[in-house]
Amino acid sequence: MASFESEKQDYAERLYKAYENRQAFGKEQIPESLNPCLAYEIQQAVTAKKAQNGEPLAGYKISLTSPETQQLFSSEKPLYGALTAPAISGNTIELSSMLSPLIEIELIFLIQEDIDAADSTAAILEKTLVAPGIEVPDSRFTEWFPNISLGQVIADSAVAGRIVVGKPAQGRSYDQLDQVRSELFLDGEPIASGSSSEVLGHPVNAIKWLAAELEEHGSKLKRGLTVSSGTFILPKPLQKGRYEARYEGIGTVELTVH
């Protein structure tokens, strides 16, 4: 048992140091064969180290919410990663501050009341605000996408990087969030588009899944947290320039990358 605990803490320390020093490492340093249970324990240990060093938990990101992204990592269900306070980004990012970042378009849920696994989708919508968002995944592994294993993704906080949150839309119904179309622009040119139906059929399903999954791991989706609910598109490499994500009926959000 002591050896197992020591090994887990060693992997967590490697990931935390890579995060702290902004220095990625090869995937051979953490086993590809990590099972999800152990991988989540490593993720929790990394999150605890961040909290000890002044970075409190601020929310979660949900990944692998479409059949296409699940297939990339040989998974039959989504996964989640913890977001600490610095991950909730402003509208400007220095490309040099990231390791190997990508960009995705996602709806962001702002938790206004604690959410239980038993809550209906209607109850979840009553307890949240929905905002247009951009996610910038990043990993502590070199050459990571899509070349690392499911366990490595989970251990690395679901490759958490930054999220950008636009102005929340008030009182959106289930139907209003169904099949929302979004388009991503770079310097005024469209580069990707997708639908909210890519996110487990409907993005509120992702929030319900997360609430249940967190309870299984002894946590809870609490008031004040921010959740990036899942990508509408396959991720693209982040480049310098001005990005804009437009969501039908929700709003727009911008990100400038220097």
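As shown above, the structure is provided for reference.
Calculation notes
Residues numbered from 1 in each chain as written. Predicted model: local features only at pLDDT ≥ 70, side-chain atom pairs only at ≥ 80, totals over all residues. Heavy atoms only, no water. Salt bridge = Lys/Arg side-chain N within 4 Å of Asp/Glu carboxyl O. Helix = DSSP H or I, 4+ residues; strand = E, 2+ residues; numbered from the N terminus. Buried < 20%, exposed > 50% of the residue type's maximum accessible area, 1.4 Å probe, protein only. Pairing = 2+ DSSP bridges. Contact = heavy atoms within 4.5 Å. Polar contact = N/O pair within 3.5 Å; in protein donor to acceptor, adjacent residues only side chain to side chain. Core = buried A, V, L, I, M, F, W, Y, C linked by side-chain atoms within 4.5 Å.

Draft legend 1. Layout of the pattern of salt bridges. Across all of its chains, the model carries 14 salt bridges by this definition. Residues Lys8 and Glu41 are paired through a salt bridge, measuring 3.1 Å at the closest nitrogen-oxygen approach. Of this pair, Lys8 sits in helix 1 (residues 2-21) while Glu41 sits in helix 2 (residues 36-52), and the two are 33 residues apart along the sequence. Among the ionic pairs, Asp119 bridges to Lys127, the shortest N-O distance being 2.9 Å. Residue Asp119 is classed as buried on the basis of its relative accessible area, which comes to 12%. Residue classification places Lys127 among the buried residues on the basis of a relative accessible area of 15%. The network of salt bridges with common partners includes Glu13, Lys17, Glu20 and Lys49.

Draft legend 2. Structural detail: the sheet that holds strand 8 (residues 181-186). Judged by pairing direction, the sheet is mixed, and its five strands sit side by side in the order 4-13-12-8-9 without closing on themselves. Each edge of the open sheet carries a strand with a single partner, namely strand 4 (92-93) and strand 9 (189-195). One ladder, built from two bridges, connects strand 4 with strand 13 (residues 251-257); its direction is parallel. Paired with Ile93 across the two strands is Val257, which belongs to strand 13.

Draft legend 3. How the structure looks around unusual backbone geometry. Backbone torsion omega between Phe145 and Pro146 reads -10 degrees, so that peptide bond is classified as cis. Residue placement: Pro146 occurs in the loop between strand 6 (128-136) and helix 5 (150-155). If you check the backbone angles, Gln179 has positive phi at about 55 degrees while not being a glycine. Overall, Gln179 belongs to the exposed group, its relative accessible area being 53%.

Draft legend 4. Summary view of the pairing of strand 7 (residues 162-165). Inspection of the sheet shows strand 3 (residues 88-89) paired to strand 7 by two bridges, in the parallel sense. Across the sheet, the residue bridging to Ser89 is Val164, located in strand 7. The pairing of strand 6 with strand 7 spans four bridges and is classified as antiparallel. Bridge pairing links Glu135 to Ile163 in strand 7.

Draft legend 5. Quick peek at the environment of Arg172. Relative to the elements of secondary structure, Arg172 occurs in the loop between strand 7 and strand 8. Each C-alpha atom, one on Arg172 and one on Lys236, is 28 Å from the other, the two residues being 64 residues apart in sequence. Arg172 has contacts with Leu125, Leu177, Gly249 and Ile250, leaving out every residue within four places of it along the chain. One polar contact links the side chain of Arg172 to the main-chain carbonyl oxygen of Gly249, over a distance of 2.9 Å.

Draft legend 6. Structural context of the nonpolar core. The biggest cluster of nonpolar side chains holds 71 residues, and the ones touching the most others in it are Ile42, Ile134, Leu210, Leu221, Tyr243, Tyr247 and Leu255. With seven residues, helix 6 (residues 203-216) is the largest single contributor of residues to this core. Sequence-distant contacts of Ile42, defined by excluding residues within four places in its chain, comprise Lys8, Tyr11, Ala12, Leu15, Leu34 and Ala155. Within the second largest apolar cluster, eight residues are counted, among which are Leu83, Ala87, Leu110 and Leu129.

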